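If you want the building blocks of each chain, they are given just below.
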Protein chains: 2
Amino acid sequence: MNEYRAPLREMQFVLSELAGLNELASLPGCEENSPDLVEAILEEAGKFATGVLSPLNRVGDRDGARLANGEVKTAAGWQQAYRQFCEAGWTAVVAEPEHGGQGLPRLVGTAINEMWKSANMAFSLCPMLTNGAIEAVTLRGSDALKATYLERMVSGEWTGTMNLTEPQAGSDLAAVRSKAVPQGDGTYRISGQKIFITYGEHDLTPNIIHLVLARLPDAPEGVKGISLFLVPKFLVNDDGSLGARNDVRCVSLEHKLGIHASPTCVMSYGDNGGAVGYMVGEPNTGLATMFVMMNAARFAVGLEGVALAERAWQQARDYAHERVQGYNPAVRGGERIAIVQHPDVRRMLMLMKSQTEAMRALACVVAAAMDKAERHPDEVQRAQAQSFVDLMIPVVKGWCTETAVEVASLGVQVHGGMGYIEETGAAQHLRDARITTIYEGTTAIQANDFIGRKIARDKGAAIGQVIADVREVAAACTVAGGEPFSRLGAALNTSANALTSSVVWMLRSYPEMPGEAHASAVPLLRLAGLVCGGWQLARAALVARRKLEAGEDPFFSAKITTACFFADHLLSQADGLAHCVMHGAPATLQGVLD
Amino acid sequence: MNEYRAPLREMQFVLSELAGLNELASLPGCEENSPDLVEAILEEAGKFATGVLSPLNRVGDRDGARLANGEVKTAAGWQQAYRQFCEAGWTAVVAEPEHGGQGLPRLVGTAINEMWKSANMAFSLCPMLTNGAIEAVTLRGSDALKATYLERMVSGEWTGTMNLTEPQAGSDLAAVRSKAVPQGDGTYRISGQKIFITYGEHDLTPNIIHLVLARLPDAPEGVKGISLFLVPKFLVNDDGSLGARNDVRCVSLEHKLGIHASPTCVMSYGDNGGAVGYMVGEPNTGLATMFVMMNAARFAVGLEGVALAERAWQQARDYAHERVQGYNPAVRGGERIAIVQHPDVRRMLMLMKSQTEAMRALACVVAAAMDKAERHPDEVQRAQAQSFVDLMIPVVKGWCTETAVEVASLGVQVHGGMGYIEETGAAQHLRDARITTIYEGTTAIQANDFIGRKIARDKGAAIGQVIADVREVAAACTVAGGEPFSRLGAALNTSANALTSSVVWMLRSYPEMPGEAHASAVPLLRLAGLVCGGWQLARAALVARRKLEAGEDPFFSAKITTACFFADHLLSQADGLAHCVMHGAPATLQGVLD
């Protein structure tokens, strides 16, 4: 398996030219993020990803994490890599400086996090979950909790987890049954079983901080009766030293299709009287807090899609350049050629490359909007940015992960028979990617969020703004004129029409025919992803056109070809998807599934 | 994991109503295949698949085949199942009765083979390869070879293998380097290394008969210098008893993404002076013989796509009926519901079901044409049937396998988090399916065969006939009229237009712009698959409509809804694919892939 190399020039291009890194540096708290500094940070991160994390990716997949006597042993090399990761200060780059974080903009954090995920997704899940816990405690934790836990999670000394799922409560968190009984001293005793807990137990740090959804004894039924608790593996004494072992244990590990090195734990709380827990936020508001974390986590999982697509693409591209097989069908009696010259291998690689670039661009544009939503001095600007972020999170999560599975599968195909052999490494990317459309809310959950809270609730205002922006880029392509820009503009416009009709249909159907609306939710999400991807690549092509006026540069010419490929091979699906949205629901609902 | 149950009523419907089982029974040699007899055979096969093979599927995946001291140990239960399989006479149901076969029509053999593949694909590969070897020896073997080997392969006493691939010769068999040196006594000494040899070594039978591609010392370069040899693991004495161990060994097993229980061997020939081999057919015609076998093998792999889709569908459907989660979005304050009631789960299941039914119908129609091509008394009819079979084999192989990967991936998704856990079994179907688009010629190899030998060579005659047949069915739908038939007819017609334009483009481009033609080959193959699938489901809907005149039957009403779903969700992609075929090639060829 090849080692991952961070696509630094591509990332720089996206950050500077598409996501507005320069404007970002004028936001309060971001002043220090000059392009030079960001370049230096990304370069360092890239070295760490290539040198430390990437070489452990295959080892981790092969050996996995193992459970013995309630303790989880991570794969060989994991402990040392984690120590180096903390020492280099990579644990919580976007966390607030007051708690020891580096306070980097989310945009920069997004590029850095993509690298960890590409290099070693199973490893990256540990800091990702810790960051989620940090966000929850920062947002809703009492001062005492913050003082005790925050800094040590930010430094990586302790890690964090999210405990939502129970056997009967997967997508439907209203069904959570874990209990929390108040002890009269401000603490609670937590009991219940949680499943699918990522890094719920491991040997990387001396303590693990679990955030757990549970119900108070008098809590109402359903989602309005769920509270959030912080439950440390070891209680913490007043002097900060570790105290008694808490009543929480990992009782088994799942045997999964992929991310073998990431321990997926069944956690048992309160087998011996109840685990000591501390409430985070107000009673019965746990789900709201989890949702704040979950939005960050959904974005992060969407980014996993980008990252795994990038890794699969790098590996398939390198193999296609090395592997010699067959002849050019257009040349009689020629030499054997590298398979990268075979037209269908090119088609597959271009599908991988163009979609990866489109996904990264969209994810970074959304990340920049998060920074703006948090930090812009103007309230209206903040609100606009936030509504764009809210609209786009299910698209980034749903579209980037579904696409990543396809891209990783293409990566296997490019390798031919070797792709099916585990040692090659291409299959691991497919196995690892396959979870991303499921956890943190399946694609259908994303799509339901998209059509309900994100489209119907504001009567299409936010998505209308996106479509207007897409049309503006299409118009700019048309104005640029000539081949291929006029064609690019037309393709983008056509796909925007398809999205518009589909959204209009959805706005009408959602209140009147909820079954039909939900039946068309995923095709609409996919259509929105395609249009947004085409939008970003067309923006990139327009930038490249301008840059090329200053002189030839293959990097910029490639941007134009890639946008054209995406238009011809992917935007061309837009009308079919719109048909599916607007006409496909009745047969879905009437279908016989005995 | 659920046990597989053969879809007997569906198979009967397809055989009788779509593939013409009754007319087949009038062909010479098929007279005994009355519908009643076929029904009884399929029922028995279904019992064997459910009772013996299906329960070993997960065991085989978990334990895999293991190599120790040059010997391969199959998974627990494998030996007994193989013995039962032979005793029940399932080894070579379509082989000639004169060699101990049952002489069943290929159509019936197709339905039976689908069951083995669904129940336990890794197991089914052993008889599948043996059948390939039987075909080669039957077609081209000398009388002496036939007398010594055929009956014992047909009975399953010995198994057979196909040895094509070498490290440098994958898709490109012209690069084969294995050598065969004549010994002057009619035998040859074979040496070289072969990789990816399915069941190249195992403990199921006392002997294994390898068919091996190799070059004579004076052979010309390239594909015209390859001969075919039969190389038994143990030499056979004149009295039929086993003699000396031959100079061929399994030197390692591949660690694969799926089909773990099927040993994929690296075979070394001639480490100690050369393996004794016997030529099959004339010198330097090995590839032609292999191609005959390969056509059967390609069809069989396409059928693996059907079979794995069926298995994945059954498992996802059952889970969706059992798993309770969430509420109906259309009902306020209702009860929790089984996930089969969630619109997007329905959409996924209908994608699985409709495509599986479409693929099976197409595969069976092609199998029936094989019988006709072999047995019809009229030469013109035989030739027409053969040209349909030749055209369709790359479609069955390419489209059914690509679709199977998607269907198996949907099966994982329907299970949510449980789908990612190996014990559930859904992930195994995806892992097993992932090889089918690769071996026996990748999808691109199928597509290149499709556009070259199957479309360009006869100037579109065969595919023109298919399109005419599709239009006839579309017209019948329109004539039937009313909803949904008029819409079904229109959708089918539109997709036939898309295919027609694409074929016209291909006929023009293939000779003039081979690069462009090959860049559009896979999209064209996929389009052809979709149109043929829609064609078969529309035929099914028309039959169902007629049957429903005699009275209500949910089986037949479902046929109509399923055809509509396929039209709305899959035929709607036809225009996009045609765009891709006709306009997508330049960007594919110009794309920058550094």
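Throughout this description, residue numbers start from 1 for each chain and increase along the sequence as written. Whichever chain is written first is A, and whichever ligand is written first is 1; the rest continue in order. Confidence filtering applies because this is a predicted model: local features only for residues at pLDDT of at least 70, side-chain atom pairs given and counted only at 80 or more, and all residues used for totals across whole chains, interfaces and linings. Heavy atoms throughout the structure, all of them, feed into the side-chain values; hydrogens and water do not.

1. Overview of the overall build of chain A
Part 1 of the argument: What chain A contains, in helices and strands, is 20 helices and 14 strands.
Part 2 of the argument: The globule rule is 2.2 Å times the number of residues to the power 0.38, and the radius of gyration it is compared with is taken over C-alpha atoms. Its C-alpha atoms give chain A a radius of gyration of 24 Å, within 12% of the compact-globule value 25 Å for 594 residues.
Part 3 of the argument: In terms of overall dimensions, chain A has a C-alpha envelope of 80 × 60 × 55 Å along the principal axes.
Part 4 of the argument: Summary of the burial criterion: residues with accessible area below 20% of their type's maximum are buried, those above 50% are exposed, and those between are partly exposed, where the area comes from a 1.4 Å probe applied to protein chains only. Burial analysis of chain A (594 residues in total) assigns 64% to the buried set. Segments assigned H or I by DSSP are reported as helices when at least four residues long, segments assigned E as strands when at least two residues long, and all are numbered from the N terminus.

2. With respect to the UniProt feature "domain: Acetyl-CoA dehydrogenase-like C-terminal" (unreviewed entry) in chain A
Part 1 of the argument: UniProt positions are given in the numbering used here, feature names are shortened, and annotations may be inferred rather than shown by experiment. Per the UniProt record, "domain: Acetyl-CoA dehydrogenase-like C-terminal" (unreviewed entry) is found at residues 472–589 of chain A.
Part 2 of the argument: Between the C-alpha atoms that bound residues 472–589 of chain A there is a distance of 37 Å. The span itself is 86% helix and 0% strand.

3. Digging into the environment of phenylalanine 234 of chain A
Residues and elements named next belong to chain A.
Part 1 of the argument: Of note, phenylalanine 234 is situated in strand 8 (residues 234–236).
Part 2 of the argument: With 12 residues separating them along the chain, phenylalanine 234 and glycine 222 place their C-alpha atoms 31 Å apart.
Part 3 of the argument: Every residue pair with non-hydrogen atoms within 4.5 Å of one another is taken to be in contact. Those residues in contact with phenylalanine 234, other than ones at most four positions away along the chain, are Pro206, Asn207, Leu242, Gly243, Ala244, Arg245 and Asn246.

4. Observations concerning the environment of arginine 152 of chain A
Residue and element names in this part refer to chain A.
Part 1 of the argument: Residue placement: arginine 152 occurs in helix 8 (residues 143–154).
Part 2 of the argument: C-alpha separation for the pair arginine 152 and aspartate 449, spaced 297 residues apart in sequence, amounts to 34 Å.
Part 3 of the argument: Here arginine 152 is in contact with Glu157, Trp158 and Gly240, once residues within four sequence places are set aside.

5. Quick look at the UniProt feature "domain: Acyl-CoA dehydrogenase/oxidase N-terminal" (unreviewed entry) in chain A
Part 1 of the argument: UniProt records the feature "domain: Acyl-CoA dehydrogenase/oxidase N-terminal" (unreviewed entry) at residues 40–157 of chain A, using the numbering of this structure.
Part 2 of the argument: Between the C-alpha atoms that bound residues 40–157 of chain A there is a distance of 26 Å. The span itself is 67% helix and 5% strand.

6. A look at the pairing of strand 5 (residues 188–198) of chain B
All names here are of chain B.
Part 1 of the argument: Relative to strand 5, strand 4 (residues 179–182) runs antiparallel, the two being bridged by four bridges. Across the sheet, the residue bridging to alanine 180 is isoleucine 190, located in strand 5.
Part 2 of the argument: Following DSSP output, two strands are said to pair if at least two bridges run between them. Counted along the chain from strand 4 to the antiparallel partner strand 5, the turn is five residues long, and its residue glycine 184 has a positive phi close to 80°.
Part 3 of the argument: Direction of pairing for strand 5 relative to strand 12 (residues 275–280): antiparallel, over a ladder of three bridges. Of the residues in strand 12, the one forming a bridge with isoleucine 190 is alanine 275.

7. A word on the domain arrangement of chain A
All names here are of chain A.
Part 1 of the argument: How far each domain reaches was decided by an automatic or database domain assignment. Entries for chain A in the domain assignment read domain 1 (8–153), domain 2 (158–284) and domain 3 (445–594).
Part 2 of the argument: In this structure, domain 1 and domain 2 have C-alpha centres spaced 24 Å apart.
Part 3 of the argument: With 31 residues of domain 1 at the contact, the number on the domain 2 side is 32 residues.
Part 4 of the argument: Accessible surface is computed with a 1.4 Å probe, and the buried area is the amount of it that two parts give up when combined, taken over both parts together. Across the domain 1/domain 2 interface, buried area totals approximately 2900 Å², and carbon plus sulfur atoms make up 70% of it.
Part 5 of the argument: Just to be clear on terms, a salt bridge is a Lys or Arg side-chain nitrogen sitting within 4 Å of an Asp or Glu carboxyl oxygen. In this structure, the connection of domain 1 to domain 2 is made through zero salt bridges.

8. Side note on the nonpolar core
Part 1 of the argument: Here, the term nonpolar core denotes a set of buried Ala, Val, Leu, Ile, Met, Phe, Trp, Tyr and Cys residues that are joined through side-chain atoms within 4.5 Å. Membership of the largest hydrophobic core comes to 388 residues, with the highest contact counts inside it found for Ile112, Trp116 and Leu349 of chain A together with Ile112, Trp116, Leu349 and Leu524 of chain B.
Part 2 of the argument: If we skip the residues at most four places from it in the chain, tryptophan 116 of chain B touches Ala45, Phe48, Ala49, Leu53, Phe85, Trp90, Met121 and Ser124 of chain B.

9. Section: the relation of the copies chain B and chain A
Part 1 of the argument: When the copies are overlaid, the least-squares fit takes in C-alpha atoms only where the residue has pLDDT of at least 70 in both copies. Laying chain B over chain A is done by rotating through 180° and shifting 0.0 Å along the axis; what remains is an RMSD of 0.0 Å. Classification of the inter-copy transformation places it as that of a two-fold axis.
Part 2 of the argument: A share of 100% of interface residues in chain B that are also interface residues in chain A marks the association as one of identical surfaces.

10. A closer look at the interface of chain B and chain A
Part 1 of the argument: Residue-level contacts link 83 residues of chain B with 83 residues of chain A.
Part 2 of the argument: Interface of chain B and chain A: buried area, both sides summed, is about 6900 Å²; carbon and sulfur atoms make up 61% of it.
Part 3 of the argument: If you sort the residues of chain B by the area they bury against chain A, Gln413, Tyr420 and Leu593 of chain B come out on top, with a joint share of 13%.
Part 4 of the argument: The tally of links between chain B and chain A comes to two salt bridges.
Part 5 of the argument: N or O atoms within 3.5 Å of each other form a polar contact, as long as, within protein, one can give a hydrogen and the other can take it, and as long as residues adjacent in sequence are counted only when both atoms are side-chain atoms. Between chain B and chain A we count 44 residue pairs in polar contact (both at pLDDT 80 or more) in total.
Part 6 of the argument: Residue contributions to the side of chain B that touches chain A peak at seven residues, all from helix 10 (residues 343–375) of chain B.

11. Overview of helix 1 (residues 8–18) of chain B
Residues and elements named next belong to chain B.
Part 1 of the argument: Residues of helix 1 that are buried: Glu10, Met11, Gln12, Phe13, Val14, Leu15 and Leu18.
Part 2 of the argument: Buried residues belonging to helix 1 abut helix 2 (21–24), helix 3 (35–53), helix 6 (106–119), helix 10, helix 17 (521–548) and helix 18 (554–569).
Part 3 of the argument: With its phi angle positive at about 70°, glycine 20 sits one or two positions after the end of helix 1.

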